[in-house]
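# Breakdown of the fold
If you want the building blocks of each chain, they are given just below.
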Amino acid sequence: MRGGWVEPGPLDDEDKLNRDQARSVLRRLWTLLGPYRSAVYVASLVLVAQTACLLAGPWLVRYGVDAGLIDKNASALNRASIAYLIVALIGLVLGRIVIWMVSKTGEQFLRYLRARVFKHLIGLSMGFFEREKTGRLVARMTSDIDALQELISQGLVMFVQNILIFFGAIVVIFWMSWQLALAVLVIVPPVVFASRWFRRESNRAYLEVRESIGTNMATLQEGLEGVRVVQAFGREGGWTRRFRDTNEAQFEANLETVRISARYFPLVEFTGVVGIAVIVGAGGVMVNEAIISVGTVLAFVLYLNNIFEPIQQLSQLYNTVQSSGAALQKIFGLLDTEAAVGEKPGAVDLPAEGVLKIGAVSFAYGGGPPDTDGVVAPEGPIVLSGVSLEVLPGERLALVGPTGAGKSTLAKLMVRFYDPREGHVTFGGVDLRDATLASLRERIVVVPQEGFLFAGTVRENVRVGRVGATNAEIDAAIAALGLAQIFESFPDGLDTEVRERGSRLSAGEKQLVSLARAALADPALLVLDEATSNLDPGTERQVELALERLSEGRTVVVVAHRLSTAERCDRIAVVDGGRLVEIGTHDELIERRERYSRLFAAWDAGQERTA
Amino acid sequence: MVVDDEREIRRAGWRLIGNAVRPQKWWIAGGITAGIVWTAAKLTIPLLAAAAIDDGLHQGDIGHVIRLTCVMIAVGVVQGICTGLRRYSAFRIALRTETDLRQRLFAHLQRLHFAFHDHAQTGQLMARANTDIQQIETLVILMPLTAASLVTMIGVIVIMALEDPVLALLALGAMPFLNIAAARFSKRIAPVNMDLQQELADLSGVVEESLSGIRVVKGFGAERMQIEKLEAEADAVLDRALASARLRAGFMPLIDFLPTLSMVAILFYGGHQVLAGQLEIGSILAFNLYIFMLIWPLRMVGMLIAQASRASAGGGRVDQILKTDLLITDAPGAVAMPVGPGEIRFEGVRFGYGPGRAVLNGLDLTIRGGEAVALVGATGGGKSTIGRLLPRFYDIEGGALLIDGVDVRSIRIAELRSEIGIVFEDTFLFSDSVRENIAFANPEASFESVQRAARLSGAEEFVTKLPDGYDTIVGENGFSLSGGQRQRIAIARAVLADPRILILDDATSAVDPTKEHEIRAALGEVMEGRTTLIIAHRPATIALADRVVLIDDGRAIAQGTHDELLASSQRYREVLAQAEAAGPIALDAAP
Ligand SMILES: Nc1ncnc2c1ncn2[C@@H]1O[C@H](COP(=O)(O)OP(=O)(O)OP(=O)(O)O)[C@@H](O)[C@H]1O
Ligand SMILES: Nc1ncnc2c1ncn2[C@@H]1O[C@H](COP(=O)(O)OP(=O)(O)OP(=O)(O)O)[C@@H](O)[C@H]1O
Ligand SMILES: [Mg+2]
Ligand SMILES: [Mg+2]
């Protein structure tokens, strides 16, 4: 859009690219553009031609006035008019070609970039996701790429064209009359100066706007997500007031930008009038002195527009271009982040079965490679130290211990969400770090403590367990857990929408869906991290049996707080303070009369009291 | 029918916009006045320029040229001041409207019943509060600006027609096409852009979901599935973006082209008129300047037409939410919470979340004041539902639900809810400090009472070890707590509310057995003198209750102590997996 209120995207200091960064972003972009390069060349040529057509207009007017009107030559006037018409038509056609070419190339490139960034992102390791806030990563894929989309669909052609028009017009007016050109250029410094002031001020104000919108939207979102808690505790009034504060802050921030532009635009319009006045006044004197022709004065007035608009537009577009550059740089930063838990060259497939061996493993969260901002997370406290453990094929092992002991962490190491700081984890004799990720995910599957349902049907959610499973296979897995029975009573059966985060289901039903995924996946080693904590013991038992039946001879590791579950396992490992303090069968550990037997006594006491 | 609905929605949208704008009438009047003065100033400039060229240059009167130049500059000052005023008032009105509407929407959403939120998606509601309200904002900005534009258009047409009617006709002949093209373009691109926004939202939905559920995605190696989903969305985005680009490629160059046609006409016909001595050269300049002046107003009117339809549709959608009645409200003549011991009676209560599937059918249950009752039952049996009916998150469909003999539907909701503390089974913490989360029910609570609540819920020990203790920010954007830790903060939150009735919905599922007896002891203290509903699967937690009620098939099918039920109820044994005791179901041999 020309002229409108193209809102400049705000920039904060970290968004600003210095010259070196800008150069490297551009170089990188150029490499990435590979297959699209020829289109870029052609589009540039067409753009130059189109700009020439735009600039030819006033020139032809001048010719028409001087050769036609002043010299009283009708055919010169006709020639000028027809040429003007032809040039305008060519400009029309070229304009369409440019916009279409740039958009098409740009959008296809963005399509490629989205897929590429997402593939890279989703392949990064768990440690990365714990460090980075989900919101920020989502922003990489959305607002950052959207900024580029904005640039392509609105700004890029305009930006380049405005530069061409501005310099083109200046060259032309100097060519026509350097004296009048110099006189007119008197008004350029104030406009440039005002535009720079405007850019700086509005940038500062828009930063505030961006910040206040962010806060306001966060309040809005949290107020909606937590609306049930808000109502349960009767805090609607408090939250509405809280929202009023952030909402009004957004209003104030926005109003500040309006104040700034209400100061800038008067000046610009006024200078425009001064420009015309100078041309007419100074031009009048010069025409009188026969230094220039009347046609030149007319052409100058028309070209004035071509100098004026680009300055205003560029000052607004500048920020769009800058923030796109910053967005690209952030995206490149993400693409440069390597998966800490990646696949080694020459990685081998894990054997179909084998012993899971944890050898003298120590672990702390944090540390690791720098994140996308180049910040290295501080290393956290040691969570596991010197844990050694073997899980035999076909064995059921329980991990028990107090909250924060490190059970979930140990489970995560078993499936290589993280690599241990020290020691090693092997399966069938192959270090997990040397295994292909595909075979690893196929052999070892974890049902995490924080089960997660995607918006969609029950069936679609179960399919996550094994991508590409047929409906029949999914139904079989669901039936095996006795879920079919539960969902049959739902209006849409297995095609019931579970809604955001599975809010349509009861807590236990959600866990059953997660477990059905595990049943469908049917791996050699299944790790269940409190995957049955919300089930009634009857259903829990039924699920355990079903899983056992399904995965006859499979290895299972369960993290459980219910010792009744632990009791049924072949062996029990007690984790406390990041150490493996005891391991053995239920009976052995009871005999030893140490940690587990104390735990069990406490648990049993609960049972006793009710029994 | 559908069309009528659509029209009705738009009409409602207009009403909403009208009501929202009305309080700003002084600003509107000021803005329009400034706009008209601005227009008048602007229109005189070309006249002055033409006069300068014709009177001055041709007649060689330089003094006159300079005088006219000075007048131009003076007019420029007026124009500048007025443009500032009109812009400021236009934007201010729009921003105020936007802010007020969003505030109303939020306040209403905060009060809407659970059943509404069950069906609404957060993303959709956010879109109402953002995109839709912004459409209205854009329209409101355009309105006073367009008023000035209309005046400009009329002024230009009149001035040109007075000068040379034929030339005016020729010069302006192409301009309505700009208006038409702009209106058509806006109309055609609006749905495409709306689709594009929708596809972008869907795409960000896939990204957001994949990243929030990254443990599940990685745990099952389901990356490929998510990548395929994303690529499908990216293709849809590309498709819509190209459709939008096609429209833009068709329209944008016209913005330069159509005015150029006018200029050609002015040059050609006007030139011949000059040759014929009917027109001055200065008029050619003036006409050209007027054409420039018309470009924006014409586009603006086109935009306004299209924006009006978008804004009224958006306003209609916002209005639909605003006029959704609160299903759960104070009955006329609602009474205070009865001052009794807190006895709860369900009498033949029937309830379902939607048509076709009853969750509770004829629940009879009495809980004496001060008593602690455990609800036990199979997954999906309706236990949590029972807990949600008491504070009237949903209203029952049949039967009666009484607290101390008073129907809950006749008690003032604020009081009812303040006397009921609930720990939800899925813990939601706000992105605030631990202290603010615990003191949620009463932000003015003293630090001592926060500490006491934390101690009673067994949270104190780990909270003091957090990086900033009670000031550590938790929640989605804060420190990641383990499942058990989150649950305890939620318990502390309910404890601090100091309710007469306490509902613990599976509130100890992630609490480890070592802590369990500590919490049990503490909870015993908390439950003292309160009526407590404990929903639990674990015998140890069930043991907190005086009495156990077995919920099955939406009814209370058995009650008694744990022992009695174990002995008497086959179903109870099944649910607690203690069937071995009675023997009828053969389970696997102990390992
Ligand atoms: N992503 C993380 N970043 C930093 N510290 C973490 C992270 N996850 C866990 N921790 C810390 O590591 C320790 C062990 O956590 P872990 O989740 O393994 O405990 P757990 O034994 O599974 O406990 P629970 O029974 O509550 O699930 C805790 O102190 C916890 O605060
Ligand atoms: N918001 C809802 N909309 C529609 N149906 C629901 C909703 N919440 C629960 N249900 C359904 O109502 C039934 C009872 O759910 P409820 O949450 O009361 O079960 P529950 O006994 O608490 O189970 P659990 O032990 O698994 O938590 C379930 O079948 C569930 O799918
Ligand atoms: Mg855990
Ligand atoms: Mg429940």
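Residues numbered from 1 in each chain as written. Chains lettered and ligands numbered in written order. Predicted model: local features only at pLDDT ≥ 70, side-chain atom pairs only at ≥ 80, totals over all residues. Heavy atoms only, no water.

### Considering the coordination of the magnesium ion (ligand 4)
Residues and elements named next belong to chain B.
- Every protein donor of the magnesium ion (ligand 4) is listed here as Ser-384 (OG) and Glu-425 (OE), and their distances to the metal cover 1.9 to 2.4 Å. A residue pair is termed long-range when its members are at least 10 positions apart, and Ser-384 in helix α11 (residues 383-389) and Glu-425 in the loop between β6 (420-423) and α13 (434-438) qualify at 41 residues. Across the pair, Glu-425 and Ser-384 agree in class, each one buried. (Donors = N, O, S within 2.8 Å, 3.2 Å for Na, K, Ca; no water. Helix = DSSP H or I, 4+ residues; strand = E, 2+ residues; numbered from the N terminus. Buried < 20%, exposed > 50% of the residue type's maximum accessible area, 1.4 Å probe, protein only.)

### Things to note about the sheet that holds strand β9 (residues 571-576) of chain A
Residues and elements named next belong to chain A.
- Read across the sheet, 6 strands follow the order β6-β7-β8-β3-β9-β10 without closing on themselves; strand pairing throughout is mixed. Of all the strands in the sheet, the pair left with one neighbour each is β6 (444-447) and β10 (579-584). Across the sheet, the axes of successive neighbouring strands diverge by a mean angle of 15 degrees, strand direction being ignored.
- Where strand β7 (residues 525-529) and strand β8 (residues 555-559) come together, 5 bridges link them in parallel fashion. Along β8, the bridge assignment pairs Leu-526 with Val-556.
- Helix α11 (residues 407-414) rests against β3 (396-400), β6, β7, β8 and β9 of the sheet, and its axis sits at about 140 degrees to β3. (Pairing = 2+ DSSP bridges. Axes fitted to C-alpha atoms, helices over the stretch in contact; angles between N-to-C directions. Contact = heavy atoms within 4.5 Å.)

### Considerations on the site of ligand 2
- Near ligand 2 lie 24 residues; those nearest to it are Ser506(A), Gly508(A), Glu509(A), Ser384(B) and Thr385(B).
- More than one chain reaches ligand 2: the nearby residues come from chains A and B.
- A distance of 2.8 Å is found between an oxygen atom of ligand 2 and a backbone nitrogen or oxygen belonging to Lys383(B).
- Considered on its own, ligand 2 offers 630 Å² of accessible surface; in the complex 97% of this is hidden by protein.
- Of all elements in the fold, only α16 (507-521) of chain A together with α11 of chain B reach the threshold of two or more residues within the shell around ligand 2.
- By residue class, the composition of the shell around ligand 2 is 6 nonpolar, 10 polar and 8 charged. (Near = heavy atom within 4 Å. Polar contact = N/O pair within 3.5 Å; in protein donor to acceptor, adjacent residues only side chain to side chain. Areas by Shrake-Rupley, 256 points an atom, 1.4 Å probe, with all protein chains shown as cover. Nonpolar A, V, L, I, M, F, W, Y, C, P; charged D, E, K, R; others polar.)

### What to know about the sheet that holds strand β1 (residues 344-351) of chain B
- Ordered by their spatial adjacency, 4 strands build an open sheet running β2-β1-β4-β5 (chain B), and the pairing between neighbours is antiparallel. Bordering the open sheet on either side are β2 (360-367) and β5 (406-407) of chain B, each of which pairs with just one other strand.

### Some details on the pairing of strand β10 (residues 555-560) of chain B
Residues and elements named next belong to chain B.
- Here strand β9 (residues 547-552) runs beside β10; their pairing, made up of 5 bridges, is antiparallel. Along β10, the bridge assignment pairs Val-548 with Gly-560.
- Between β9 and β10, which follow one another and run antiparallel, lie 2 residues, and Asp-553 among them has a positive phi close to 60 degrees.

### What to know about the domain arrangement of chain B
- Its domain assignment divides chain B into domain 1 (2-322) and domain 2 (370-388 + 413-582).
- Here the C-alpha centroids of domain 1 of chain B and domain 2 of chain B sit 56 Å apart. (Domains from an automatic or database assignment.)

### What about helix α16 (residues 483-496) of chain B?
All names here are of chain B.
- Over its 14 residues, α16 extends 20 Å from the first C-alpha to the last, a length consistent with the 20 Å expected when each residue adds 1.5 Å.
- The element α16 is extensively covered by neighbouring structure, given that 12 of its 14 residues are classed as buried.
- Along α16, the positions that sit buried rather than exposed are Gly-484, Gln-485, Gln-487, Arg-488, Ile-489, Ala-490, Ile-491, Ala-492, Arg-493, Ala-494, Val-495 and Leu-496. (Expected span 1.5 Å × (residues − 1).)

### Some points on the domain arrangement of chain A
- With domains assigned, chain A is organised as domain 1 (1-175 + 319-339), domain 2 (178-291) and domain 3 (356-610).
- Look at where the C-alpha atoms of domain 1 of chain A and domain 2 of chain A centre, and you get two points 22 Å apart.

### Let's talk about the pattern of salt bridges
- This model, assessed by the stated rule, comprises 50 salt bridges over all chains.
- Among the salt bridges present, the one from Glu201(A) reaches Arg204(A), with a minimum N-O distance of 2.8 Å. Note that Glu201(A) and Arg204(A) are positioned in helix α7 (residues 188-225) at a spacing of 3 residues, about one turn of the helix.
- Given a relative accessible area of 18%, Glu201(A) falls into the buried group.
- The partly exposed category is assigned to Arg204(A), whose relative accessible area is 41%.
- Residue Glu236(A) pairs with Arg417(B) through a salt bridge whose shortest N-O separation is 3.9 Å. Highlighted residues: Glu236(A) in helix α9 (residues 236-288) and Arg417(B) in helix α12 (residues 413-418), drawn from two different chains.
- Residue classification places Arg417(B) among the buried positions, given a relative accessible area of 6%. (Salt bridge = Lys/Arg side-chain N within 4 Å of Asp/Glu carboxyl O.)

### Thoughts on the site of ligand 1
- Of all residues adjacent to ligand 1, which total 15 residues, the nearest are Glu130(A), Lys407(A), Ser408(A), Thr409(A) and Ser482(B).
- Near ligand 1, the surrounding residues belong to chains A and B.
- Here an oxygen atom of ligand 1 and a side-chain polar atom of Thr409(A) are 2.4 Å apart.
- With respect to ligand 1, the side chain of His561(A) contributes an N or O atom lying 3.1 Å from an oxygen atom.
- For ligand 1, the protein covers 81% of the area, taking 640 Å² as the surface of the free molecule.
- In terms of residues, the shell around ligand 1 owes the most to one element, α11(A), which gives 3 residues.
- Of the residues contributing to the shell around ligand 1, the split by class is 4 nonpolar, 8 polar and 3 charged.

### Quick look at the confidence of the model for chain B
Residue and element names in this part refer to chain B.
- On average, chain B scores 86 in pLDDT, and the residues at 70 or more come to 94%.
- The low-confidence segment residues 581-591, where pLDDT is below 50, has 16 contacts with residues more than four positions distant or belonging to other chains.
- For this predicted complex, the interface confidence score (ipTM) comes to 0.86, while the overall pTM stands at 0.84. (pLDDT = per-residue confidence, 0-100.)

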